[in-house]
Amino acid sequence: MLPDPTTAPALKTVLSTKYGKPDFHVGVAIESDSITGVPSLLLKKHFNAITAENAMKPDTIWPNASPATNPPTARATPNFGPADELVTFATNNGIEVRAHTLLWHQTVPTWLIQGNQSTANNYRADVAQHMQNYIETVMGHFPDVYAWDVVNEAASDDPGSADGFRTDSPWYIAYSFGGKDGREYVRDAFYFATLKRTAMNRVNDMALMLNDYNTELPGKRANVIKIVQYILADSGRGTMIDGVGHQLHLQVGADASQVTAALQAVEALGLINHITELDVSLYADPGTCFSGRTIPPCLADYGASPPQSALSLQATTYRALFNAFDRTSVKSVTTWGLADNHTWLNSWPVNRTNRPLLFDTSLYPKWAFWTVVDPAIVVP
Ligand code: XIL
């Protein structure tokens, strides 16, 4: 039987003690449904940091003008409302904010990459100017966040990629215009973020991060590391990067030693690690599931009552992961959702019931929670 939920210790306290870090960030990605009522009580008990699951992404923060203009250079006003609501909740409750994300290939409002294409140089100057305006304005609006994902998912999934970069990003494509080097968008993003952070006097307490998924896979990890080295090599003009955000969208049975290898690869460059989007899917899907996005090859839906065997394996997987996070270089762990009643994995990679978090659909602690907070707990 699961332990009595009223005896559950605060996750943030347990982890801070376990890791010996008084200032450790235990974060959770949320939308506005988590800042009132019972969810907000659960959040305040267990977490000391939040990330906006969607509210700080470019398509929310600064979409195209509406109705659309052609060309879409007439920018809409920034839409800080949804993010401000979350930040206000955090501020009022002594909770810190991890900011996600300045640039992401999946959400690029077209005004950002609009420009005068008469020459390669003119176009590059226009796009870089839009990027700088965006980064300065958005960073300036959230002066107190402890980290920014400056670029999200820049790396290629192809283990054989020569330079490590994803080439289907609208940013990469825009920067490639006229034969120029598409990779430079990542350097510019970190350069502009560095300038803004310095101007804001936050050099020592606002980390600038490169965030990506699948860093637990050696081929993808190598690509991410290549990009970090590419950014580091731009130090001549002062460009800085503090570390890597490992999303860690994992599944039951995930190999924690590969997570350790990912953390070590970043440490070897002298940088810090954040765990940014942790969840553990109940389904040990094959890799082909994520390209095809159908059942099969994705595993069949368990429905509303997943088997205990899956929940138990999930719990021991979580335990091994939180043990792997016990390293000096790891400064924060964020789960991608508060409880199983709100998770993106009910629609990714297929529509299917998933239960990937530490708290159940009724907001009670799961076996996964208990294995993390109590090394002596034995799962059924
Ligand atoms: C996801 C959100 O959870 C969904 O609500 C949204 O529809 C799509 O984005 N990697 C990331 C996150 O960096 O921003 C994604 O979040 C999940 C994968």
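Shown above is the structure to which this text applies.
Described in the following lines is the structure provided in the data block. Quick caveat: nothing in here was measured; it's all calculated off a predicted structure.

The rules behind the values
Residues numbered from 1 in each chain as written. Predicted model: local features only at pLDDT ≥ 70, side-chain atom pairs only at ≥ 80, totals over all residues. Heavy atoms only, no water. Phe/Tyr/Trp six-rings, centres within 6.5 Å; stacked < 30°, edge-to-face > 60°. Helix = DSSP H or I, 4+ residues; strand = E, 2+ residues; numbered from the N terminus. Lys NZ or Arg CZ within 6 Å of the ring centre and 35° of its normal. Near = heavy atom within 4 Å. Polar contact = N/O pair within 3.5 Å; in protein donor to acceptor, adjacent residues only side chain to side chain. Areas by Shrake-Rupley, 256 points an atom, 1.4 Å probe, with all protein chains shown as cover. 1 Å grid on protein atoms, 1.4 Å probe; cavity = no way out; pocket = protein on both sides within 12 Å on 5 of 7 lines; lining within 4 Å. Sits in = over half its atoms within 2 Å of the grid points. Nonpolar A, V, L, I, M, F, W, Y, C, P; charged D, E, K, R; others polar.

### Describing the packing of aromatic side chains
(1) Moving on: One pass over the full model with this rule turns up 16 aromatic pairs.
(2) Moving on: Ring centres of Trp62 and Trp111 lie 5.0 Å apart, and the angle between their planes is 55 degrees; this geometry places the pair in the tilted category. Of this pair, Trp62 sits in the loop between helix H3 (58–61) and helix H4 (81–92) while Trp111 sits in the loop between strand E3 (96–104) and helix H5 (120–141), placing them 49 residues apart in sequence.
(3) Moving on: A ring pair is formed by Phe165 and Tyr172, whose centres lie 6.3 Å apart and whose planes are at 40 degrees; its orientation type is tilted.
(4) Moving on: These aromatic residues form a ring-pair network of at least three members: Trp62, Trp111 and Tyr134.
(5) Moving on: The ring centre of Tyr283 lies 3.7 Å from the NZ or CZ of Arg352, which sits over that ring.

### A closer look at the site of the ligand
(1) Moving on: In the region of the ligand, the neighbouring residues are Glu53, Asn54, Lys57, His100, Trp104, Asn152, Glu153, Gln247, His249, Glu277, Trp336 and Trp344.
(2) Moving on: Within the contact set of the ligand, an oxygen atom lies 2.9 Å away from a side-chain nitrogen or oxygen of Asn152.
(3) Moving on: Note that a nitrogen atom of the ligand is positioned 3.2 Å from one of the side-chain N or O atoms of Glu153.
(4) Moving on: Protein coverage of the free-state accessible area of the ligand, which is 410 Å², stands at 76%.
(5) Moving on: A molecule is said to occupy a pocket when more than half its atoms come within 2 Å of that pocket's grid points, and by this definition the ligand occupies the largest pocket.
(6) Moving on: Residue composition of the shell around the ligand, by class: 3 nonpolar, 5 polar and 4 charged.

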